[in-house]
Amino acid sequence: MINLQDKTTEDLRIACYMTDRHARLRPTAFLDIAQNIAVQGADILKFGDDELAAYNSTWVLARQYVRFDRPVRNKEQVKVLTWHKGAQGLFFLRDYMMLGADGEPSIRSTSSWVVMNITERRLVRFDTVSDVVDTAPQSTDFAIEEQAAKVVLPRGAELTKIGEHRVHYSDVDYNQHANNVRYTSWALDSLPEDLVYEHPLKELTINFNREALPGETVELWHALDADGAHIIEGRADDHQVFIEKLIFE
């Protein structure tokens, strides 16, 4: 059994606005839920945005990897878990699970975070915030053992432009840039409808490499890798904003 005592937890009933045409939880709805409970978890551990504000800094998601083990349905009662996994390499790590009524995982995820100076828009070193953010793990459990990977374009792949998105009001969060979940929405919306409607997503890996700011236009480029995964790259002013790997059933 999964130990709930050393994690932040939330009981949740899946709402209709979170689901797709087949009454399944949309991948982006899970990302919204994960983002929200991550904020709660950091606040409980006293290293949330309120504490980082003293350093003129905030949390920024750098990478995330999600495995969708089984569909989550409309009105389903679930439990969401998150826990801080400490610091490793360049990142602070955080894991998530969504458990069904039977207590078994339906979705698992791991994420890698950095601290950003709000004014300079630059990364903050661990030692700058070490008296606030604990580098030791809250729990030694793993939702997924490996870290979220670096996504790269397949060697020799043919890139095709499949859309673009101008960053609007509904995209922007309190960090004054497009919210991280919006990138996956843009990626999914740019793919063929028969793919995204009829083939559930099995895995996603996304890297966030540059902010997308209000008024910017992000071009969306697509390639297939050797195992059939869809790679979506978002570019603005010839700079990579994000890159995402999507694997469908």
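We now turn to the structure provided with this report. (Residues numbered from 1 in each chain as written. Predicted model: local features only at pLDDT ≥ 70, side-chain atom pairs only at ≥ 80, totals over all residues. Heavy atoms only, no water.)

1. Here's the deal with the overall build of the protein
Moving on, step 1. Looking only at helices and strands, the protein has four helices and eleven strands in total.
Moving on, step 2. A compact globule built from 249 residues should have a C-alpha radius of gyration of about 18 Å, and the protein, at 18 Å, falls within 12% of that.
Moving on, step 3. If one aligns the C-alpha atoms of the protein with their principal axes, the spans along those axes are about 45 × 45 × 35 Å.
Moving on, step 4. Burial analysis of the protein (249 residues in total) assigns 49% to the buried set.
Moving on, step 5. Taking contacts inside the protein between residues at least 6 apart in sequence as the whole, the part at least 24 apart equals 72%.
Moving on, step 6. Accessible area for the protein stands at about 12,500 Å²; split by element, carbon and sulfur atoms hold 48% of it.
Moving on, step 7. Put simply, the protein has 27 plus and 40 minus side-chain charges, and the middle of one group is 2 Å from the middle of the other. (Helix = DSSP H or I, 4+ residues; strand = E, 2+ residues; numbered from the N terminus. Rg over C-alpha atoms; globule rule 2.2 N^0.38 Å. Buried < 20%, exposed > 50% of the residue type's maximum accessible area, 1.4 Å probe, protein only. Contact = heavy atoms within 4.5 Å. Areas by Shrake-Rupley, 256 points an atom, 1.4 Å probe, with all protein chains shown as cover. Lys, Arg positive; Asp, Glu negative; His and termini not counted. Charge placed at Lys NZ, Arg CZ, Asp CG, Glu CD.)

2. Considering the pairing of strand β3 (residues 77-88)
Moving on, step 1. Taken together, the six bridges between strand β1 (residues 8-13) and β3 define a ladder with antiparallel strand orientation. Looking at the pairing, Thr-9 lines up with Leu-81 of β3.
Moving on, step 2. Across eight bridges, the pairing between β3 and strand β4 (residues 91-99) is antiparallel. Paired with Gln-88 across the bridge in β4 is Phe-91.
Moving on, step 3. Count of turn residues in the β3/β4 antiparallel hairpin: two residues, of which Gly-89 carries a positive phi of about 60°. (Pairing = 2+ DSSP bridges.)

3. Structural notes on the environment of Asp-134
Moving on, step 1. Secondary-structure assignment places Asp-134 in the loop between β6 (122-123) and β7 (160-166).
Moving on, step 2. Each C-alpha atom of the pair Asp-134 and Ile-118 lies 21 Å from the other, and the pair is 16 residues apart in sequence.
Moving on, step 3. Once you skip the residues sitting within four places of it in the chain, Asp-134 turns out to touch Phe-47, His-84, Gly-86 and Phe-92.
Moving on, step 4. Here the side chain of Asp-134 touches Ala-136 through a polar contact of 2.9 Å, landing on its backbone nitrogen. (Polar contact = N/O pair within 3.5 Å; in protein donor to acceptor, adjacent residues only side chain to side chain.)

4. A short note on the packing of aromatic side chains
Moving on, step 1. Per the counting criterion, the structure on display carries eight aromatic pairs.
Moving on, step 2. Between Tyr-183 and Trp-186 the ring centres are 5.1 Å apart and the planes differ by 80°, which places this aromatic pair in the edge-to-face class. Separated by three residues within a single helix, Tyr-183 and Trp-186 lie in helix α3 (residues 180-190), roughly one turn from each other. Both residues of the pair, Tyr-183 and Trp-186, count as buried.
Moving on, step 3. Residues Tyr-183 and Phe-208 carry aromatic rings whose centres are separated by 5.5 Å and whose planes lie at 40° to one another, so their mutual orientation is tilted. One end of the pair, Tyr-183, is in helix α3; the other, Phe-208, is in strand β8 (residues 201-208), and 25 residues separate them in sequence. Across this residue pair, the class does not change: Tyr-183 and Phe-208 are buried.
Moving on, step 4. Through pairs of rings, three or more aromatic residues link up here, namely Phe-47, Trp-59, Phe-92, Trp-113 and Phe-126.
Moving on, step 5. Lying across the ring of Tyr-197, Arg-21 places its NZ or CZ 4.5 Å from the centre.
Moving on, step 6. Over the ring of Trp-221 we find Arg-235, and its NZ or CZ is 4.7 Å from the ring centre. (Phe/Tyr/Trp six-rings, centres within 6.5 Å; stacked < 30°, edge-to-face > 60°. Lys NZ or Arg CZ within 6 Å of the ring centre and 35° of its normal.)

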